[in-house]
Amino acid sequence: MRSRILNLLRQRSGEYLSGEEIARQLDVSRTAVWKHMRELKLEGYAIDAHSRRGYRLQQAPDLLLPDEIRAAVKTKRIGRKIHYFTEIDSTNNAAKKLAAAGAEEGTIIVSEAQNSGRGRLARGWYSPEQQGIWLSIVLRPHFSPADAPKCTLLAAVAITRAIRSLCNIDCGIKWPNDILYDGKKLVGILTEMSAEMDAINYIVIGMGINVNIQEQDFPEELKAIATSLAMIKGQAVSRLELLCDILMQLENLYAVAVSSGFSEILNEWRKYSITLGQAVNVIGIHQQFSGTAVDIDEDGALLVEATDGRHRVIAGDVSIRPKTTNTKENGID
Ligand code: BT5
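Criteria and cut-off values
- Residues numbered from 1 in each chain as written.
- Predicted model: local features only at pLDDT ≥ 70, side-chain atom pairs only at ≥ 80, totals over all residues.
- Heavy atoms only, no water.
- Helix = DSSP H or I, 4+ residues; strand = E, 2+ residues; numbered from the N terminus.
- Rg over C-alpha atoms; globule rule 2.2 N^0.38 Å.
- Buried < 20%, exposed > 50% of the residue type's maximum accessible area, 1.4 Å probe, protein only.
- Contact = heavy atoms within 4.5 Å.
- Areas by Shrake-Rupley, 256 points an atom, 1.4 Å probe, with all protein chains shown as cover.
- Pairing = 2+ DSSP bridges.
- Axes fitted to C-alpha atoms, helices over the stretch in contact; angles between N-to-C directions.

**Q** How should the overall build of the protein be read in this particular structure?
**A** Counting secondary structure elements, the protein contains ten helices and 14 strands. Relative to its length of 333 residues, the protein is compact, with a C-alpha radius of gyration of 22 Å against a globular reference of 20 Å. Counting only C-alpha atoms, the protein reaches 80 × 45 × 30 Å along its principal axes. Buried positions account for 50% of the 333 residues belonging to the protein. Here the analysis covers contacts within the protein between residues at least 6 apart in sequence; of these, 62% occur between residues at least 24 apart. Put simply, the protein shows about 16000 Å² of open surface, and 47% of that area lies on carbon and sulfur atoms.

**Q** Honestly, unusual backbone geometry in this entry has me stumped. Any pointers?
**A** Negative phi values dominate among residues other than glycine, just as trans dominates among peptide bonds. Along the chain, Trp175 connects to Pro176 via a cis peptide bond; the corresponding omega equals -10°. In this structure, Pro176 sits in the loop between β6 (172-174) and β7 (178-181). The backbone of Leu121 shows a phi angle near 50°, a positive value even though the residue is not glycine. The residue Leu121 is located in the loop between β4 (108-114) and β5 (132-139) in this model.

**Q** Teacher, can you tell me more about the sheet that holds β4 here?
**A** The pairing of strands in a sheet comes from backbone hydrogen bonds and takes either a parallel or an antiparallel form. The strand order β3-β4-β5-β9-β8-β7-β6 describes an open sheet built from seven strands, whose pairing is mixed. Strands at the two margins of the open sheet, each flanked by one partner only, are β3 (82-88) and β6. Across the sheet, the axes of successive neighbouring strands diverge by a mean angle of 20°, strand direction being ignored. Bridging between β6 and β7 involves three bridges; their strand directions are antiparallel. Each bridged residue has a counterpart across the sheet, and for Ile173 the counterpart in β7 is Ile179.

The following block contains the structure:
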């Protein structure tokens, strides 16, 4: 009912609509309309109520509410089923539980804040209330489990496209899962999977996007290595618009991956990459070496040219080595 009331008010684009008309169109009593209006106001909607003219929507709250996402998103599948939280431990945890219980492809989990946001290898992800996009997406692709890591690259391309076009910010992708601007981390992506030997049950793509965090709000340990869209632009950025654009870009790229494979997406990834051509330190669990990142292969693995030959890096951290001895290390892991 709430969504239908909001839709009616939105259709009037800021003009008044009488309580009587709303009640008639939705076939409910005027008292019911009044009660819903009161609830919407409590949620943060600025609704102007005039005794004779009726109701007028002035402003929606700065929240990623399902009603707002549904009204703005243009996708067919991704983001049509929405689970919304004001606070949660981790949207990836919730996504995995929902996926295991049968949540359909395209289901998204969004939270205003996370109190145990996760990075890779049990690292934490700082996710303050209403200042970022903390989002997880459930996918159920029919491709092989070996292709799953490329979903991280796909998500990085989708987010980069959206940030570049909507915010006009020249960000780049650091292999495999970071989006940086000026050496500082703007976005982190965490892809998790449940699979059998030859089939994927589900993939969860989690993304943390620092949208309106201010420098002073970052914890001390992140101040030198993290940034946000608002810090770069010097003004707040609409989380809702960005979220909807990311979902659209993701849906388009995912359709390409499913129908004709990843090669076009990997080419676009190469275009946005800030790792290729750089001197890198590869710090893995079993190995550590230096070289130059020359390309990614068709599986999305990083190819590193070292003195002892070419290495194929699948997992592990890559930090960008200083180019000169007096340049500060700008690796972030
Ligand atoms: C990542 O891990 O970059 C993946 C982060 C994914 C977060 C999303 S939010 C929605 C979904 N639900 C979750 O629980 N997670 C996903 P990694 O490459 O391991 O980087 C983690 C490191 O980034 C930390 O150790 C910090 O140094 C740094 N970091 C933590 N919070 C940050 C932030 N908000 N901005 C920039 N850097 C941050």
